[in-house]
Amino acid sequence: MTGVSLRGVEKKFGSVEVIKNVSLNVEPGEFLVFVGPSGSGKSTLLRMIAGLAETSAGTIHIAGRDVTRMPPGWREVAMVFQSYALYPHMTVEQNMSFGLRMTGAPKQKIEQRVAEAARILRIEPLLTRKPKQLSGGQRQRVAIGRAIVRDPKVFLFDEPLSNLDAALRLEMRVEIARIHAEIGATMIYVTHDQVEAMTLADRIVVINHGEIEQIGAPLELYEKPINKFVAGFLGQPKMNFLTGVLIERGANAVTVRLDDCECNDLVLNLPLPLSADDRITLGVRPDALAVVPPGAEGLPATVKVVEHLGSESIVYASVGRRAEFIAARLQGKTGVRHADPVTLRIDTSRCHVFDGSGLSLW
Amino acid sequence: MTDASQRAAPSGSPLRRAAIFVALVVLAGLFLAPTVGVIFSAFKTTRDISLGELWSIPSRLFLGNFAVVLEKPEIYVYLRNTFIVAISASLLSITLGSLAGYVFAKLPFFGSELLFLLFVSGLFFPPQIVLIPLFKMFNGMGLIDTLWALIIVHTAMGIPICTLLMRNFLISVPDALRESALVEGVSEWRILLFVVLPISLPALAVLATLQFTWIWNDFLWPLIMVQSDEKRTVMLGLVFLRGQYSVAWGIQGALALLASLPTLLVFLFFQRYFISGMTMGAVKG
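No experiment lies behind these values; they were computed from the predicted model shown.

A. Representation of the overall build of chain A within the structure. When helices and strands are counted, chain A shows eight helices and 20 strands. A total of 362 residues make up chain A; the buried ones form 54% of that total. Accessible area of chain A: about 15900 Å², with a carbon and sulfur share of 49%. Counting 42 positive and 40 negative side-chain charges, chain A places the averaged centre of each group 7 Å from the other.

B. Up close: the interface of chain B and chain A. Listed as interface residues are 23 residues of chain B and, on the opposing side, 26 residues of chain A. Across the chain B/chain A interface, buried area totals approximately 2200 Å², and carbon plus sulfur atoms make up 63% of it. At the junction of chain B and chain A, the tally comes to one salt bridge. For A:Arg47, the salt bridge identified is with B:Glu179, shortest N-O distance 2.6 Å. For the interface between chain B and chain A, the tally reads nine residue pairs in polar contact (both at pLDDT 80 or more). Listing elements by their share of the side of chain B that touches chain A, those giving two or more residues are helix H9 (175-183) and helix H10 (188-199) of chain B.

C. Fine view of the packing of helix H3 (residues 107-121) of chain A against helix H5 (residues 166-183) of chain A. Residues and elements named next belong to chain A. Two elements in contact, H3 and H5, have axes separated by 10 Å at closest approach and are oriented at 130 degrees. Considering the angle they form, H3 stands oblique to H5. Taken together, the residues of H5 that come into contact with H3 (itself represented by Arg-119, Ile-120 and Leu-121) are Glu-175, Arg-178, Ile-179, Glu-182 and Ile-183. Of the residues assigned to the contact of H3 with H5, the class counts are four nonpolar, no polar and four charged.

D. Structural context of the packing of aromatic side chains. Counting across every chain of the model gives 13 aromatic pairs over all chains. Where B:Phe104 meets B:Phe119, the ring centres are 5.3 Å apart and the plane angle is 80 degrees; that geometry is what we call edge-to-face. Note that B:Phe104 is positioned in helix H5 (residues 73-106) and B:Phe119 in helix H6 (residues 112-121), a separation of 15 residues in sequence. Since its relative accessible area comes to 7%, B:Phe104 is described here as buried. A residue is classified by how much of its surface remains accessible, and B:Phe119, at 28% relative accessible area, is partly exposed. Each residue in the set A:Phe31, A:Phe155, A:Phe157 and A:Tyr189 is aromatic and connected to the rest through ring pairs, giving one cluster. Looking at A:Arg146, its charged tip hangs above the ring of A:Tyr87, at a distance of 4.8 Å from the centre. One Lys or Arg, A:Lys228, reaches over the ring of A:Phe241 and ends 5.2 Å from the middle of that ring.

Rules and cut-offs
Residues numbered from 1 in each chain as written. Chains lettered and ligands numbered in written order. Predicted model: local features only at pLDDT ≥ 70, side-chain atom pairs only at ≥ 80, totals over all residues. Heavy atoms only, no water. Helix = DSSP H or I, 4+ residues; strand = E, 2+ residues; numbered from the N terminus. Buried < 20%, exposed > 50% of the residue type's maximum accessible area, 1.4 Å probe, protein only. Areas by Shrake-Rupley, 256 points an atom, 1.4 Å probe, with all protein chains shown as cover. Lys, Arg positive; Asp, Glu negative; His and termini not counted. Charge placed at Lys NZ, Arg CZ, Asp CG, Glu CD. Contact = heavy atoms within 4.5 Å. Buried area = accessible area lost by both parts, 1.4 Å probe. Salt bridge = Lys/Arg side-chain N within 4 Å of Asp/Glu carboxyl O. Polar contact = N/O pair within 3.5 Å; in protein donor to acceptor, adjacent residues only side chain to side chain. Axes fitted to C-alpha atoms, helices over the stretch in contact; angles between N-to-C directions. Parallel < 35°, antiparallel > 145°, perpendicular 65-115°, else oblique. Nonpolar A, V, L, I, M, F, W, Y, C, P; charged D, E, K, R; others polar. Phe/Tyr/Trp six-rings, centres within 6.5 Å; stacked < 30°, edge-to-face > 60°. Lys NZ or Arg CZ within 6 Å of the ring centre and 35° of its normal.

So, in structure tokens, the structure goes:
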């Protein structure tokens, strides 16, 4: 059982800072997920832990050992790449044993490790095949097997499921969760897919512009995002943001006038540290909205798109002069159709409130 | 579906297509004529050659020219010399070109692009430009009239094309393959040897064929660097080969055919590697 610790880690390409002062601890046996949009620096950070990218400043410790200046091969990590990176001229068995053979491990140990990894991944029948004879999912299993064989201190996954189709991705996601439960190793996993992050992670690290926005358990991040970015990044469909201005502040409630809405002022029963005329953003998850007949209390809206997903329906509606649609998630089927006038009722007790700079107030 | 059914429908009128076909046949005939001439004269007696035309079909299959060639002991010396030069210079230039190409493709450093251009610019130097300085240099080093001179010149002349081809091929090999091996603790040398070179077989086969053929067929450098008969290569020997009383067209034709066999064999041996697709399955596909 091994942990990873980053202290003040930075990465610069010339004058461009792609990783800015990142510090975090990965607990032994933990499944940590780096999540963020494209170009956020999450893959660079993973490559720095692997030793494939140099660290400009700060230190990286693996199992208590400073590996900051060590070449990748000395760090006792294993990496699974998005493109699988299988050696095309070798069989599955040769692919899995390559690292051990090259570093002079005893033959008996290699055979034992390959057999064990093949058993865990259920790829025993594939051992004599070449990569081109395998499906995408099988290739990724072999790539994971190659990592397991080395019994590394830390597993690093760089968007391993991005090349797979939707059904396989789901299957492999469950598979990776199972493997983690079975071998209990420390794993760091990079993805831009927030569903992968939410379902696999013990803790999620949300990264944006080379900085950590927030670290926490998946539900903690979902329910208590510290800013608009994290709130908008996690959740599908994403959180609706409604801008407005605070017009009246009481002891335990505030009155908010929403922009471009043509609706009544909204009263929130929250003790917010704000004064009149402060600008705020309301964050409303799609499941905190109800679609009710027009004329009721709420936001008058017109239905634009209805997605029927079977167990639930997503209604996208336009409100006032807003350019963006507002998404509402409804349980089961809905009778509303395109162009229907409706009212969106906000469950104000489940609202998030962000100040003018995007920081969460509630 | 068969191949024929996937083929695009021919374009243009039948007359136009017929005209193009005829033009192509005529051109092919013109290009092949000298080769046919050599093949025919190899199987003719000297009398036949002096009586008839170069392109007339031999009246009978005469193998005497081959017998004469194979009985000459110096031919074996020429062939041995050519093999020594062609094999060692091909191996050296491909080895050095692969190393340089690997660095340029996978381990770039400050100024490496410029250095690569410098390497490749070697392709545009006509060898005649460096003929005299090289002769003087090798003369000073005592390498004139040795096979070393030929090996060194052909290695140096081959490095630009080998570097260019290998670099361009290796650029297409996914970085993740190298990085994956690096993380596994494999050294850069072993990555080159056990991962990169095995999947570069198509490029290496093309280079081996090109280099071997070029060096084998070269006439200029042996002419300049080699003086004694026992250091001649086969192409030089071909020119210096004369009949007892006259220019021996038949014998020269026979040697020319024998001398082109090795390059033909090299091509036939390597052509199966030309079909690439070795990297298929390495990455998404």
